[in-house]
Amino acid sequence: MDLTKKSIENIEYMIEKIKEKLKVLNFDAIKPSHFDESLYDDLKDIYDMVMKKTSFSPSEMQAIAEELGNLRKK
């Protein structure tokens, strides 16, 4: 998948992969449709960081959830 291209499909892919990697149940409330392509680069930064790590502390997971919440469409 070419994540250098800003698209709805890539947003969907990144959100699903972040949710899988973090294995957090309350992430069900975060859906790809909540994100706008204008914030693609910010979402990609979060995705890249999450994919590089092998484990997360509870505070890191909370911070990631908060950042994703900040990126949601208003």
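Computed from a predicted model, the values in this text were never measured in an experiment. (Residues numbered from 1 in each chain as written. Predicted model: local features only at pLDDT ≥ 70, side-chain atom pairs only at ≥ 80, totals over all residues. Heavy atoms only, no water.)

A. Representation of the nonpolar core within the structure. Counting residues in each nonpolar core, the largest one holds 17 residues, and the members touching the most others are Ile-18, Leu-43 and Leu-68. Contributing elements (two or more residues each) for this core: α1 (8-22), α2 (40-52) and α3 (58-71). Not counting residues up to four positions away in its chain, the partners in contact with Leu-43 are Ile-11, Met-14, Ile-15, Ile-18, Leu-68 and Leu-71. (Core = buried A, V, L, I, M, F, W, Y, C linked by side-chain atoms within 4.5 Å. Buried < 20%, exposed > 50% of the residue type's maximum accessible area, 1.4 Å probe, protein only. Helix = DSSP H or I, 4+ residues; strand = E, 2+ residues; numbered from the N terminus. Contact = heavy atoms within 4.5 Å.)

B. Quick look at α3. Taking 1.5 Å of rise per residue, the 14 residues of α3 would be expected to cover 20 Å, and the 20 Å separating its terminal C-alpha atoms lies within 8% of that figure. Taken residue by residue, α3 has Ile-64, Leu-68 and Leu-71 as its buried positions. Angular distribution of buried residues about the axis of α3 spans 60 degrees; they occupy a single face of the element. Looking at α3, the residues exposed on the side facing more than 90 degrees away from the buried face are Pro-58 and Ser-59. In this structure, the buried side of α3 is in contact with α1 and α2. (Expected span 1.5 Å × (residues − 1). Arc of directions from axis to C-beta.)

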